Amino acid sequence: MLRQPSGILWRGAPETDLAAPRQVNVVPAAPAALKKETMASTPVPELRSKIVALELDGDGAHPAAWRRASHLPGALLGGGRIRETAQAAEIAGFHLATFRDSRVLDAGSTGIAGRIDAVQRAAFAAPLTRSLGLVPEVGTLFTEPFHVATQLASLDYSSHGRAGWLVSAANEPAEARSVGRQALAEADVLAEAADVVEAGRRLWDSWEDGAVIRDAATGRYLDRDKLHYADFEGERFSVKGPSIIPRPLQGQLVVFAPAGLIPAVEADVALAAAGTVDGLAAAAAAAAAAGTPRTLVELDVVLDSRGQPAAERLAELDAFERWQGGARYAGSAAGLVELLVELFRAADGVRLHPAVLDIDLPELAAQVLPELRRAGVAAPRPGTTLRETFGLPRPANRYAVA
Amino acid sequence: MSTHHRPAGNGQIQFGVFFQGVNHTTVWKTPESGSQTDFESFRRVAQTAERGLFSAFFLGEGLRLREHLGRIHDLDVAGRPDAQTALAALAAVTTNIGLVATQNTTYNDPADLAHRLASLDLLSGGRAAWNIVTTDNAWTGANFRRGGFLKHEDRYIRAEAFVQTAKAIWDSWADGAIAGSRDAGRWLADGSAAPVRRKDASFDVEITGRLPRSSQQHPVLFQAGDSADGRDFAVRNADVIFSRHAELEDAKKFREDIVARTLKAGRPADDVKIFPGQEFILGATEAEAEEKHQWVREQQVGPETAIAYLEQFWGRTLNEYDPDGPLPETDPIVDVTNPTRGNAFHGASAKELAAQWRAEAKDKGQSIRQFVAARSRLNGRGLVGSYDGIADKLAEYAHAGAVDGFNITPWIVPGGLDEIVNELVPRLQDRGVYRTEYEGTNLRENLGLRAPLTRRASLNSGRNGAGLTESQNVA
């Protein structure tokens, strides 16, 4: 259980300042036969808390993070490390963790080259946590859409409704070769990613809620009228359906995507990135204007720690290998709190990429998250499911007859 | 072939549990029957099995919902999680039990499946296993990019190429590939991850493994094919056979056949373990067990299920027939039987089959329901008896070396193992045929398996890191 700092009551964010409610116009992209009207006409409710997300891959976002980890390199790739970091993130008060993934060996870097499958890392963390959203990165171009959809739906069951999907569309020739295919023409990448997400969403809806009826009187376990073929026909693949697992507990998982990767209508949360901190507000505004219901900004973080200034820590790490990254904050915890409060005027939340988990996560836990709670911008456990955390309604099923 | 030598068993019996998820044998109409999708059901079964020192927890897989006469089959338990995703979560709440995922070689890519199995193996501390299955139909392929289908006879060709590729991926990192200290030049030593290239009738791929091996080296391989091709595939590739041969005499014959094939494949006689699938129906007394047996069978094959079972062979609706009456006198309307998609049997001449079945049911005085109940038993009657009676019987299996263990299919979830763990396991331990603690720290050790033959570059081989060394560990 998360506890608020003693003596301080959660007083709720002044919503008008921080999260002006928006009406989102959603254009149905699916054939007219599919019922998307309910989704399109549902206004997105207000956000009860700004969202603070944490990227939990490896030993941190900096390629030299492993040199400052509290364990030996060989101890990274196992369950123990996931237990440790996921529980630390939850106790710190983060609303969700993302798990970066890559389907090719990154042999060019001096950094961590091996990764346990992201869906499995998230699944392993599921029974070890109670409130943390679990959002693995899963690629779209060279994966099987049917497997991706059922794996993610399964994660939603294992986590009791805390699962999301961070959509990626890496168009790596090496990944294509690994499955006997070729990289896509760049012009086809966005359409393919959107197709895979759409197929996944249809599969999640292919079992209506309550399709498992267990009617002893008639001997029927299923109500077959509540099962539907997805019948997705894309440019490069088709999926018949229905899914092999009932509808996810959240109805639809929360779908995250880098802003602009998939049509705004297909994503629930856009990740807005910029080269510098100054560019983040504009990036968030653009993502929101495109119509994605929620927007998080991406921020790399290095904090002063153990008497060492952030800039010095960064210089030491960069001496091993330079951190490419994106918009970056390096400095004191108090300065980060100020920056986040400022960014929250433009975005629904932030995804933090700490340089070194074992150093920056304790600082965030001790000095940043408590201050965000105190400032009334980040509530502990704003929702039971990840959708609720984002203030997103449980969507109607596109196949259900109203 | 000589079969006079002592068979391969070690005088012990182990247990696995198969959480089926899709079938007609899980009783779902009673209040004790829990959810088939809630994670707590899986947690309870896995943790109960671990309390009973089971070797393995199994999950099945079917990549398309079953259909019946062109519509979704609605009478049986259906809808289950992706096997490896569920097992990864279970890995966090168990410590010793093996985690076995049924995964298909037809509708997966080796690069993806091998990586995910390696992931489960590392997460669980060396407890992952893969139950290798194949599919040949375009109907299932309609859910996948690959689409289409394999010719029936090509299933095992692709499966074998797949398994070889998976093993090569698991071996692609040299021992000592990961930096030994935080001061090393690189996290992954230069040149320590060798790409796997494969070009044959099934694959044209180049894959570089993305993970090191676990403490058990490779995930353990299970296989269930029962045809001659399936058995030969198993003795060439698998560590454990999930067999259908559970009755004692049948099990002994099957063991003899597998031992002969194993030796012929150039492996030691005890290199392939055998775990028949089996249902256990227990009671404090024989009479209680028998009564429960009758009840379970009635629950499993209700009137609708009995009729639906025949319909899939007759190719038409038969709802005008009385489930408690004789088999239909009318002939099937199809030439070749077309059972519920996802079942393994097809291709028999429908009319011949119907005639044969009518005669058989008449001989035995069976109604439709009784006939179907008997017919749909995969492994005979199941192990039905008192705690002591079944313990004695299992000791007999152990002493005969007929099997290495049983893969138990509970007829109810999630409480289906409680009686087995609370009543049967202690009696087996008293008889000296069941472990009193886990022997090893990973699945391979707990199953008594040898380390897999691996062929990989070894940075410690003193050959400048580039040479391939053959390393075989024969215990």
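What counts and what doesn't
- Residues numbered from 1 in each chain as written.
- Chains lettered and ligands numbered in written order.
- Predicted model: local features only at pLDDT ≥ 70, side-chain atom pairs only at ≥ 80, totals over all residues.
- Helix = DSSP H or I, 4+ residues; strand = E, 2+ residues; numbered from the N terminus.
- Contact = placed C-beta atoms within 7 Å.
- Nonpolar A, V, L, I, M, F, W, Y, C, P; charged D, E, K, R; others polar.
- Axes fitted to C-alpha atoms, helices over the stretch in contact; angles between N-to-C directions.
- Parallel < 35°, antiparallel > 145°, perpendicular 65-115°, else oblique.
- Left-handed = near helix turned anticlockwise from the far one by under 90°.
- Core = buried A, V, L, I, M, F, W, Y, C linked by C-beta atoms within 7 Å.
- Buried ≥ 20, exposed ≤ 12 C-beta atoms within 10 Å, placed from the backbone.
- Pairing = 2+ DSSP bridges.
- pLDDT = per-residue confidence, 0-100.
- Right-handed = clockwise from strand over helix to strand, strands pointing away.
- Expected span 1.5 Å × (residues − 1).
- Arc of directions from axis to C-beta.

Chemist: Pulling in residues and values, what's your account of the overall build of chain A?
Modeler: For chain A, the count of helices and strands is 12 helices and 13 strands. Contacts in chain A between residues at least 24 apart in sequence constitute 77% of all its contacts with a sequence separation of at least 6.

Chemist: Which residues make up the overall build of chain B, and what values do they have?
Modeler: Along its length, chain B carries 14 helices and 16 strands. Sequence-distant contacts in chain B: of pairs separated by 6 or more residues, those separated by 24 or more amount to 75%.

Chemist: Provide a residue-level description of the interface of chain A and chain B, including the pertinent values.
Modeler: Of the residues lining the interface, 58 residues belong to chain A; the matching set on chain B comes to 64 residues. Elements supplying a minimum of two residues to the side of chain A that touches chain B: α3 (79-92), α4 (118-125), α5 (145-158), α6 (173-178), β5 (212-215) and β6 (220-222) of chain A. Element by element, the count of residues in the side of chain A that touches chain B is highest for α5 of chain A, at 7 residues. When grouped by side-chain class, the residues that make up the side of chain A that touches chain B number 31 nonpolar, 17 polar and 10 charged.

Chemist: Help me get a handle on the packing of helix α7 (residues 248-264) of chain B against helix α12 (residues 387-400) of chain B, residues and values and all.
Modeler: How two helices sit against one another is set out by the angle between their axes and by the gap between those axes. All names here are of chain B. Viewed as axis vectors pointing N to C, α7 and α12 meet at an angle of 20°, and their least axial separation amounts to 11 Å. Viewed along their axes, α7 and α12 adopt a mutual orientation that is roughly parallel. For the element pair α7 and α12, the recorded crossing hand is right-handed. On α12, the residues touching L248, A251 and K252 of α7 are E396, Y397 and A400. Of the residues assigned to the contact of α7 with α12, the class counts are 4 nonpolar, no polar and 2 charged.

Chemist: Explain the packing of α5 of chain A against helix α7 (residues 186-205) of chain A to me, and be specific about the residues and the numbers.
Modeler: Residue and element names in this part refer to chain A. Across the interface, α5 lies against α7 with an axial gap of 9 Å and an inter-helix angle of 50°. Relative to α7, the element α5 lies oblique. Every pair of crossing elements has a handedness; the one defined by α5 and α7 is right-handed. Contacts between α5 and α7 involve P145, F146, V148, A149 and A153 from the first element and V196, A199, G200, L203 and W204 from the second. Looking at the contact of α5 with α7, its residues break down into 9 nonpolar, 1 polar and no charged.

Chemist: Account for the nonpolar core, naming residues and giving values.
Modeler: Residues A97, F256 and A272 of chain A together with V17 and F57 of chain B are the most contacted members of the largest nonpolar core, which totals 254 residues. In contact with F256 of chain A, other than residues within four places in its own chain, are V135, G164, W165, L166, V167, A267, V269 and L271 of chain A.

Chemist: I'd like a rundown of the sheet that holds strand β11 (residues 273-278) of chain B, residues and numbers included.
Modeler: All names here are of chain B. Ordered by their spatial adjacency, 8 strands build a closed barrel running β1-β2-β5-β6-β9-β10-β11-β14, and the pairing between neighbours is parallel. Direction aside, neighbouring strands of the sheet carry axes that sit 25° apart on average. The sheet contact formed by strand β9 (residues 220-223) and strand β10 (residues 240-243) spans 2 bridges and is parallel. Considered in β10, the bridge of F222 is made with V240. Here α7 sits on the sheet and contacts β10 and β11; the angle it forms with β11, its principal contact strand, is near 145°.

Chemist: Describe the environment of E291 of chain B, naming the residues involved and giving the relevant values.
Modeler: Structurally, E291 of chain B can be placed in helix α8 (residues 286-300). On a C-alpha basis, the gap between E291 of chain B and I281 of chain B in space is 9.8 Å, while along the polypeptide they are 10 residues apart.

Chemist: So what's going on with the confidence of the model for chain B? Which residues, and what values?
Modeler: Residues and elements named next belong to chain B. Averaged over every residue, the pLDDT of chain B is 89; residues scoring 70 or more account for 90%. When the criterion is pLDDT under 50, residues 1-6 qualifies, and its contacts beyond four places in sequence or with other chains add up to 3 contacts. In the predicted structure, residues 341-346 sits below a pLDDT of 50 and forms 11 contacts with residues beyond four places in sequence or in another chain. Across the assembled chains, the prediction reports ipTM 0.92 with pTM 0.91.

Chemist: Give me the lowdown on unusual backbone geometry, citing residues and values where you can.
Modeler: All names here are of chain A. With an omega of -10°, the peptide bond running from G241 to P242 counts as cis. Within the secondary structure layout, P242 lies in the loop between β8 (238-239) and β9 (254-258). One non-glycine residue with positive phi stands out, namely H160, at about 55°. Relative to the helices and strands, H160 is located in the loop between α5 and β4 (164-168). Despite not being glycine, R214 shows a phi value in the positive range, around 50°. Summarising the element assignment, R214 is placed in strand β5.

Chemist: Explain helix α6 (residues 228-237) of chain B residue by residue, including any values.
Modeler: Along α6 of chain B, the residues classified as buried are R231, F233, A234, V235 and N237 of chain B. Close packing links the buried residues of α6 of chain B with α5 (155-170), β9, β10 and α7 of chain B.

Chemist: Could you give an account of the confidence of the model for chain A, naming the residues involved and the relevant values?
Modeler: Low pLDDT means the predicted coordinates in that region are not meant to be read closely. When the pLDDT values of chain A are averaged, the result is 90; 89% of them are 70 or greater. Between residues 1-41 of chain A, whose pLDDT stays under 50, and residues either more than four places distant or in other chains, the model counts 51 contacts.

Chemist: How would you summarise the pairing of β10 of chain B if you had to cite specific residues and measurements?
Modeler: Residues and elements named next belong to chain B. Of the two faces of β10, the one carrying V240 and F242 and the one carrying I241 and S243 are both buried. In this fold, the crossover linking β9 to β10 by way of α6 has right-handed handedness. Bridge count between β10 and β11: 4 bridges; the pairing is parallel. From the neighbouring strand, S243 faces β11, where its bridge partner is P276. What joins β10 to β11 is α7, and the crossover it makes is right-handed.

Chemist: Can you explain the pairing of strand β1 (residues 14-19) of chain B? Please cite residues and give values.
Modeler: Residue and element names in this part refer to chain B. The buried count for β1 comes to 6 of 6 residues, which makes it a mostly enclosed element. Neither face of β1 is left uncovered, since the one carrying Q14, G16 and F18 and the one carrying F15, V17 and F19 both have all their residues buried. With 4 bridges joining them, β1 and strand β14 (residues 405-408) adopt parallel strand pairing. What sits directly across from V17, in β14, is I408. Bridge count for β1 against strand β2 (residues 56-59) is 4 bridges, and the pairing is parallel. Residue V17 lies in a different strand from β2, and its bridge partner there is F57. At this point the chain moves from β1, through helix α1 (residues 39-51), to the parallel β2, and the crossover so formed is right-handed.

Chemist: How would you sum up α12 of chain B? Please name residues and give values.
Modeler: Residue and element names in this part refer to chain B. Here α12 contains 14 residues, and its C-alpha end-to-end distance of 20 Å stays within 8% of the 20 Å for a straight helix at 1.5 Å per residue. For α12, every residue scored as buried is listed here: Y387, I390, A391, L394, Y397 and A398. Each buried residue of α12 lies within a common arc of 115° when the element is viewed along its axis, so the set occupies one face. If you follow the buried residues of α12, they end up packed against α7, β12 (280-283), β13 (383-386) and α13 (418-430).

Chemist: Kindly report on the environment of D271 of chain B, identifying the contributing residues and their values.
Modeler: All names here are of chain B. Inspection of the secondary structure puts D271 in the loop between α7 and β11. Accessibility expressed as a C-beta count within 10 Å gives 19 for D271, which makes it partly exposed. For the pair D271 and L449, spaced 178 residues apart in the sequence, the C-alpha separation amounts to 6.9 Å. When neighbours within four sequence positions are excluded, D271 is seen to be in contact with T262 and R450.

Chemist: Quick rundown of the environment of A149 of chain A? Include the residues and the values.
Modeler: Residues and elements named next belong to chain A. You can see A149 is positioned in helix α5. Remark: the alpha-carbon pair of A149 and D117, spanning 32 residues in sequence, is separated by 15 Å. The contacts of A149, once residues within four sequence positions are left out, are A199, G200, L203, W204 and S243.

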